[in-house]
Amino acid sequence: MTKTAIPQIIEPEVTRRTDALFLEMKDTVYKSTDKLFGMLLVCEWIAGLVTALLISPRAWSGTHSDIHIHVWTAFILGALILGRPVYLVHRDAGAAQTRQAVAIGQMLWAALLIHLTGGRIESHFLIFGSLAFLSFYRDKSVLIAASAVVVIDHILRGIFFPLSIYGVEIIEPWRWLEHTWWVVFEDFFLFKLIDQNIREMHEIADKQVELVETQKSIEALVELKTRQLRESQLRTSAEYKVAAVLSKA
Amino acid sequence: MKPAPKHSSSLLPVILWILPVLLGFAILLDYHTRSGTPTSPPVGWPADSRLQPQSGRQTLLVFLHPQCPCSNATVSELSRLLPRLRETKTIALLVVPPGANSQFADTPLAERCRSIKGLSVELDRDGVEAQKFKAATSGETLLYDQKGLLRFCGGITPGRGHEGDSIGKDKIEAITNRLADKEMQADAGGWSGKVKPYSCKVFGCALLNDSRQISQNAGVDRSTRPPGESVPQNANGEQRLAQ
């Protein structure tokens, strides 16, 4: 009797709800990561400007001095690089183009830092740190866009000005491959991590929908039982009253 | 149904974003590879210089603008080069341009120079020595041999404000350690009387307000190869060294 009364979960409806929840979770991740990067990019711009002002504020010619090109670089080029992703984070958080702009902007910023430090190997660490940070998006296309910027930058500057990216004037023609290999190496494991995270998000969505449906079923069952109990009570009460009247009679 | 992606509408803003960024990078690269004003250092030690080379030793002169941020790279390279040089007196000249006050040379760069072991640091008030040695750009490095002849002129950094291996640094090390002497003597057709100084570009701020005056006189060619013409020895320089 009760079995038929409990609402049955329809499979396509569950799938639809699971997909919707999964997309909602992804959107939340995209938006929160956009916000994190929005703050990071602004901090990077300010840090770059302060560093330029402290280390190389002015260029000299005898007693005459002008604002150093590094200050203009940090101010204007930094704003150009980071302006679009920051704008998109505020205007269109969660959108695919925002994530792509953040990835490209972050890697261009790393390229600028590497150039300004004369290709110091330590500044290349920003690339690997940024890739790890970008994996917070749980979107492989973001890592692909970021890695593409790194590879193109290494190839082009390796050809035209190797000093600014490798720190030496003369390099082997395949040097960019070595750097690319390490980027691919990191990407490989980050892709694995993203796959795992996506799988876990699917499982969580599945379980959450299942939980909601189970809760709904239980609530329906409780309601049914309550109704049946109330009916039974009413019936018992009526029967009691009838019995009492009959006994008096 | 999902809407079709708007590729054409999203590509234009990306192009409009990337192009100015690339232009900015190009300007920056140009700045870091643009060398200072070419000059013509004297091939022999200037007779009227107050600097005294040490007899029997080579002398390395490095002219620095005390406020020039790019010259930090030169000082870093100098600190790496110095321990590798043999029988060489090294002097860093902090050039104070005419019109600058006495605090002009009180800078972290000057402090860094003073902290380098084996480096003599001297003030060049009004840029007198810089003009005598025709040094126009901060980072200008001149190597004079035991006989007071110029053997190298140029910079020891590969770019403006960039540290790293450079032709200039390698050449100075080779020459001072007598590795290049045979090669240079052969090029010049023998040691006595003729020397071909090596030269390369210098990257840094201008030492004086008008460096064009310094660069007017002809002398050493600023190519990365030694100049073809031979240069006579400077008798005054030898006399000074003999003192």
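On a predicted model such as this, the values are computed, not experimentally measured, just so you know.

1. Description of the packing of helix α2 (residues 11–55) of chain A against helix α4 (residues 96–116) of chain A
Residue and element names in this part refer to chain A.
And step 1. Look at α2 against α4: their axes get within 11 Å of each other, and the N-to-C directions meet at 25°. Classified by the interaxial angle, the pair formed by α2 and α4 is roughly parallel. By crossing handedness, the relation of α2 to α4 is classed as left-handed. Contact residues: Tyr-30, Asp-34, Phe-37, Leu-40, Leu-41, Glu-44, Trp-45 and Gly-48 in α2; Thr-98, Arg-99, Val-102, Gln-106 and Trp-109 in α4.

2. So, the sheet that holds strand β1 (residues 58–64) of chain B
Residues and elements named next belong to chain B.
And step 1. Pairing in this open sheet of 6 strands is mixed, and the strands run β3-β2-β1-β4-β5-β6 from one edge to the other. Looking at the sheet topology across the chains shown, the edges are occupied by β3 (119–125) and β6 (198–199).
And step 2. Two strands pair when backbone bridges link them, and strand β4 (residues 140–144) and strand β5 (residues 150–154) are joined in this way by 4 bridges, in the antiparallel orientation. If you follow Leu-143 over to β5, its bridge partner there is Phe-152.

3. Notes on unusual backbone geometry
Residues and elements named next belong to chain A.
And step 1. For Arg-138, which is not a glycine, the phi torsion comes out positive at approximately 55°.
And step 2. For Arg-138, the position within the fold is in the loop between α5 (125–134) and α6 (140–160).
And step 3. Of the residues examined, Arg-138 reaches a relative accessible area of 28% and is grouped as partly exposed.

4. Side note on a negative patch on the surface
Residue and element names in this part refer to chain A.
And step 1. Judged by side-chain charge, Asp-19, Glu-200, Glu-203, Asp-206 and Glu-210 come together as a negatively charged surface patch.
And step 2. Looking at where Glu-203 falls in the secondary structure, it is placed in helix α8 (residues 175–248).
And step 3. On the basis of relative accessibility, which here comes to 43%, the residue Glu-203 falls in the partly exposed class.

5. Section: the confidence of the model for chain A
All names here are of chain A.
And step 1. Of the residues in chain A, 96% have a pLDDT of 70 or more, and the chain-wide mean is 91.
And step 2. By mean pLDDT, the top-scoring element of chain A is α5 (96), and the lowest-scoring one is helix α1 (residues 2–5) (46).
And step 3. Scored below 50 in pLDDT, residues 1–6 makes 8 contacts in the model with residues more than four places away or belonging to other chains.

6. Brief notes about the environment of Ile-167 of chain B
And step 1. Positionally, Ile-167 of chain B belongs in helix α5 (residues 167–176).
And step 2. Counting along the chain gives 32 residues from Ile-167 of chain B to Ser-199 of chain B, while the straight-line C-alpha distance between them is 9.5 Å.

7. Looking at the pattern of salt bridges
Residues and elements named next belong to chain A.
And step 1. One pass over the structure, following the stated rule, counts 21 salt bridges over all chains.
And step 2. One salt bridge in this structure joins Arg-99 and Asp-139, with 2.9 Å as the shortest N-O distance. Of this pair, Arg-99 sits in helix α4 while Asp-139 sits in the loop between α5 and α6, and the two are 40 residues apart along the sequence.
And step 3. Take Arg-99: its relative accessible area is 7%, and that puts it in the buried class.
And step 4. For Asp-139, a relative accessible area of 12% puts it in the buried group.

8. What about the interface of chain B and chain A?
And step 1. Between chain B and chain A, the residue contacts involve 37 residues of the former and 33 residues of the latter.
And step 2. Note on chain B versus chain A: buried area summed over both sides is about 2700 Å², and carbon and sulfur give 71% of it.
And step 3. Counting the surface chain B buries against chain A, the share from its top three residues, Trp-17, Phe-25 and Leu-28 of chain B, is 25%.
And step 4. Inspection of the region where chain B meets chain A yields 0 salt bridges.
And step 5. Our enumeration of links across chain B and chain A arrives at 10 residue pairs in polar contact (both at pLDDT 80 or more).
And step 6. No other element matches helix α1 (residues 7–33) of chain B, which puts 14 residues into the side of chain B that touches chain A.
And step 7. Counted by class, the side of chain B that touches chain A contains 24 nonpolar, 11 polar and 2 charged residues.

9. Observations regarding the pairing of β1 of chain B
Residue and element names in this part refer to chain B.
And step 1. Counting buried positions along β1 yields 7 of 7 residues, so the element is predominantly enclosed.
And step 2. Of the two faces of β1, the one lined by Gln-58, Leu-60, Val-62 and Leu-64 and the one lined by Thr-59, Leu-61 and Phe-63 are each fully buried.
And step 3. Where β1 and strand β2 (residues 88–96) come together, 7 bridges link them in parallel fashion. Looking at β2, one finds that Thr-59 is bridged to Lys-89.
And step 4. Where β1 and β4 come together, 5 bridges link them in antiparallel fashion. Within β4, the position partnered with Val-62 by the bridge is Thr-141.

Thresholds applied
The residue count restarts for each chain, going from 1 along the sequence in the order it is written. Think of it this way: whatever chain is written first is A, whatever ligand is written first is 1, and the rest follow in order. Residue-level local features of this predicted model are given only where pLDDT is at least 70; pairs of side-chain atoms are given and counted only at 80 or more, and the full residue set underlies all totals for whole chains, interfaces and linings. To get the side-chain values, take all heavy atoms of the structure and skip hydrogens and water. Axis definition: a line fitted to C-alpha atoms, over the contacting stretch in the case of helices. Angles run 0 to 180 degrees between N-to-C directions. By the criteria applied, helices consist of DSSP H or I runs no shorter than four residues and strands consist of E runs no shorter than two, each listed in order from the N terminus. Should an angle fall under 35 degrees it is taken as roughly parallel, and over 145 as roughly antiparallel, whereas 65 to 115 is taken as roughly perpendicular and any remaining angle as oblique. Definitions for this section: a left-handed crossing has its near helix turned counterclockwise from the far helix by less than a right angle. A right-handed crossing has that turn clockwise. Every residue pair with non-hydrogen atoms within 4.5 Å of one another is taken to be in contact. In this description, strands pair whenever DSSP reports at least two bridges between them. Accessible area is worked out with a 1.4 Å probe on protein chains only. A residue is then buried under 20% of its type maximum, exposed over 50%, and partly exposed in between. Two joining distances apply to patches: 9 Å for like charges and 5 Å for nonpolar side chains (Val, Leu, Ile, Met, Phe, Trp, Tyr), and every residue must have over 30% relative accessible area and no salt bridge. Surface exposure here means Shrake-Rupley accessible area, sampled with a 1.4 Å probe, where a residue is shielded only by the protein chains that are shown. One side-chain nitrogen of Lys or Arg within 4 Å of one carboxyl oxygen of Asp or Glu is enough to make a salt bridge. Two residue types count as positive, namely Lys and Arg, and two as negative, namely Asp and Glu; His and chain ends fall outside the count. A charge is said to be at NZ when it belongs to Lys, at CZ for Arg, at CG for Asp and at CD for Glu. Every residue gets a pLDDT, meaning the predictor's confidence in that residue, from 0 to 100. By buried area we mean how much accessible surface two parts lose on assembly, using a 1.4 Å probe and totalling the loss over both. Under the rule applied, a polar contact is a pair of N or O atoms within 3.5 Å (in protein, one hydrogen donor and one hydrogen acceptor; residues adjacent in sequence only if both atoms are side-chain atoms). Side-chain classes follow a simple rule in which Ala, Val, Leu, Ile, Met, Phe, Trp, Tyr, Cys and Pro form the nonpolar group, Asp, Glu, Lys and Arg form the charged group, and the remainder, Gly included, forms the polar group.

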